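# Commentary on secondary and tertiary structure
Spelled out from the first residue to the last, the chains are:
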Amino acid sequence: MSSVPRIAIEHASQYVGQTVEIAGWLYNLRRSGKIIFPLLRDGTGIMQCVAVKADISEKCFNDLRDLTQESSVIVRGRVRAESRAPGGYELDVEDAGIVHRIPEDQPYPITPKEHGIEFLFDHRHLHLRSRRPHAILRVRHEIIRAIRDYFDSNGFTLVDTPIFTPAACEGTTTLFEVDYFEDEKVYLTQSGQLYNEATAMAFGKTYCFGPTFRAEKSKTRRHLTEFWMVEPEMAYATLEDVKRVSEELICFIVRRVLERRRHELETLERDIGKLEAIRAPFPRISYDEAVAILQRKGSEIQWGGDFGGTDETLLSEEFGQPVMVDRFPAEIKAFYFQPDEQRPEVVLGVDVLASEGYGEIVGGGQRIHDYNLLLQRIREHNLPQKAFDWYLDLRRYGSVPHAGFGMGVERTVAWICGLDHIRETIAFPRMLYRTRP
Ligand code: 4AD
Ligand code: MG
């Protein structure tokens, strides 16, 4: 076809009245005698095309009329503003070239009818082309971009941390062990935090952002075995800095998604008003207060116990905002948390629970900076001291109070998109019973 501009559907508004080319796939097709309405998707959006028999070649009309769902096609036509069209614009077809036609006897497996969740996730490599996963993953991308923008413009240096690690960061029960060379065992990282503590002493404020792994044997709607986490770490910082930064970050992300991905949120039928209402300061409560609230609401939790999924849901339904819960019993938290000076039985850790029952999206706090106390904790937790030698070095050489947190990308996406299950927040989820495709 001749040289007309090849445009993305999401930019159609800039080309009204012009002839353009769109390279995509047939999403759906409606026929009405001498007019057909191919619905074209190109990865950036979906656009209705109008092909009138009298206006185009017979071959082009017949090709389009007989085109099968998800066949690839390049369409040329003139962009027209159409307030009744879903995206606000339509394309009056002038010509079309089929790139790959799917034969009728081997049709695209995902049809506009309803499919079961298992079927869709078995065909996830194709399912990603559908409206809903497409909208979710575009929001995910925007969230990731917002996270990077926030840290990059607030003085944090990105320093990547390793995935093969010799030591456990978040307890030994969820480690994936990997055979390394010559009988050496390593683990897939649960968190880049320990390394962040080293890089924070070198760069002041750092973050890492990558995949992390947890051998979660439970089947829940909040757990993946492979998930993405952003983890900032700050030298000369305390629990209060963690609260301030995580609050700012969450507000920044929500505003950005509302600004740039409103259309996708509408596709997902998200209650946008609830997101628009998110603003700092978030309510702050202590673990003690959280336990009292939960007991009032009928939970069986006792002081000293960890929140179960239902407890988190109950707590995060209580407020219209994300809520910050701090000062957990040392017993239920990882070895590295700094104890509260006034009450050594609790630690300077905080969880941020998203609103609307979504539960924890952020976990973090202040780290032990005293050498002897850290060594004692490593021993109490029965961790192999040798693997933590380098980590202890950070307390030998210019140790300072420092703090940081981790935010799970998928939990955040689930909350912002209003999804029932975390499996939809990542292109190819890894869970207890799913490692394919
Ligand atoms: O609370 P977690 O375990 O904290 C840490 O790993 C710290 N070392 C982070 C730090 O301080 N640098 O995990 C942090 C967040 C959780 O709040 C949650 O959002 C997410 O990671 N997360 C998971 N997301 C999906 N699937 C799982 N199995 C997750 N486990 C944790
Ligand atoms: Mg946590």
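For clarity, every value in this text was computed on a predicted model and none was experimentally measured.

The helix and strand inventory of the protein stands at 13 helices and 16 strands. The contacts of the protein with a sequence gap of at least 6 include a subset with a gap of at least 24, amounting to 66%. For the protein, the exposed area adds up to about 20700 Å²; of that, 49% sits on carbon and sulfur atoms. The centroid of the 56 positive side-chain charges in the protein is displaced by 5 Å from the centroid of its 66 negative side-chain charges.

On to the domain arrangement of the protein, then. Under the domain assignment used here, the protein contains domain 1 (9-100) and domain 2 (125-425). With nine residues of domain 1 in contact, the opposing surface of domain 2 contributes five residues. Interface of domain 1 and domain 2: buried area, both sides summed, is about 600 Å²; carbon and sulfur atoms make up 39% of it. It is Tyr27, Arg41 and Gly43 that lose the most area in domain 1 upon contact with domain 2, and together they represent 47% of the buried surface on that side. Note that Arg129 and Glu70 form a salt bridge whose closest N and O atoms lie 3.0 Å from each other. Remark: the boundary between domain 1 and domain 2 carries five residue pairs in polar contact (both at pLDDT 80 or more). Those elements that provide at least two residues to the side of domain 1 that touches domain 2 are β1 (19-32) and β2 (35-41). Looking at the side of domain 1 that touches domain 2, its residues break down into four nonpolar, two polar and three charged.

Okay, the site of ligand 1 next. Around ligand 1, the structure places 25 residues, and the nearest of them are Glu170, Gln193, Arg214, Glu231 and Glu360. At 2.7 Å from a nitrogen atom of ligand 1 is found a side-chain nitrogen or oxygen belonging to Glu231. The separation between a nitrogen atom of ligand 1 and a polar side-chain atom of Tyr336 is 3.3 Å. Of all the elements in the fold, those that place two or more residues in the shell around ligand 1 are β11 (226-235), β15 (359-366) and β16 (402-408). Ranked by residue count, the leading element in the shell around ligand 1 is β15, at five residues. Class assignment of the residues belonging to the shell around ligand 1 gives a composition of nine nonpolar, eight polar and eight charged.

A few words now on the state of the cysteines. Under the defined criterion, the tally for this structure stands at zero disulfides. Unpaired in this structure, Cys60 has its nearest cysteine sulfur neighbour in Cys49, at a distance of 10 Å. Just so you know, Cys208 is unpaired, no disulfide at all, and the nearest cysteine sulfur is the one on Cys169, 9.7 Å from it. Residue Cys208 is classed as buried on the basis of its relative accessible area, which comes to 3%.

Here the focus is the environment of Gln106. Mapped onto the fold, Gln106 is located in the loop between β5 (89-100) and α2 (117-122). Take Gln106: its relative accessible area is 58%, and that puts it in the exposed class. Gln106 sits 296 residues away from His402 along the chain, and the two C-alpha atoms are 59 Å apart.

All right, on to the sheet that holds strand β8 (residues 177-179) then. What the three strands build is an open sheet, ordered β7-β9-β8; its pairing is antiparallel. This sheet does not close on itself; its edge strands, each paired only once, are β7 (164-165) and β8. One ladder, built from three bridges, connects β8 with strand β9 (residues 185-188); its direction is antiparallel. Paired with Asp179 across the two strands is Lys185, which belongs to β9.

In the contact formed by helix α4 (residues 131-152) and helix α6 (residues 239-260), the axes pass within 9 Å of each other and the chain directions differ by 135°. Classified by the interaxial angle, the pair formed by α4 and α6 is oblique. Relative to α6, α4 is oriented so that their crossing is right-handed. Facing Val139, Glu142, Ile143, Arg145, Ala146, Ile147, Asp149, Tyr150 and Phe151 of α4, the residues of α6 in contact are Val245, Glu248, Leu249, Phe252, Ile253, Arg256, Val257 and Arg260.

Taken residue by residue, helix α12 (residues 389-396) has Tyr391, Leu392, Leu394 and Arg395 as its buried positions. Down the axis of α12, the sector holding all buried residues measures 140°, keeping them to one side. On the buried face of α12, the contacting elements are α5 (193-203), α11 (371-380) and β16. Taken from the residues just after α12, Gly398 is the one with a positive phi, measuring 65°.

Analysis parameters
- Residues numbered from 1 in each chain as written.
- Chains lettered and ligands numbered in written order.
- Predicted model: local features only at pLDDT ≥ 70, side-chain atom pairs only at ≥ 80, totals over all residues.
- Heavy atoms only, no water.
- Helix = DSSP H or I, 4+ residues; strand = E, 2+ residues; numbered from the N terminus.
- Contact = heavy atoms within 4.5 Å.
- Areas by Shrake-Rupley, 256 points an atom, 1.4 Å probe, with all protein chains shown as cover.
- Lys, Arg positive; Asp, Glu negative; His and termini not counted.
- Charge placed at Lys NZ, Arg CZ, Asp CG, Glu CD.
- Domains from an automatic or database assignment.
- Buried area = accessible area lost by both parts, 1.4 Å probe.
- Salt bridge = Lys/Arg side-chain N within 4 Å of Asp/Glu carboxyl O.
- Polar contact = N/O pair within 3.5 Å; in protein donor to acceptor, adjacent residues only side chain to side chain.
- Nonpolar A, V, L, I, M, F, W, Y, C, P; charged D, E, K, R; others polar.
- Near = heavy atom within 4 Å.
- Disulfide = S-S within 2.5 Å.
- Buried < 20%, exposed > 50% of the residue type's maximum accessible area, 1.4 Å probe, protein only.
- Pairing = 2+ DSSP bridges.
- Axes fitted to C-alpha atoms, helices over the stretch in contact; angles between N-to-C directions.
- Parallel < 35°, antiparallel > 145°, perpendicular 65-115°, else oblique.
- Left-handed = near helix turned anticlockwise from the far one by under 90°.
- Arc of directions from axis to C-beta.

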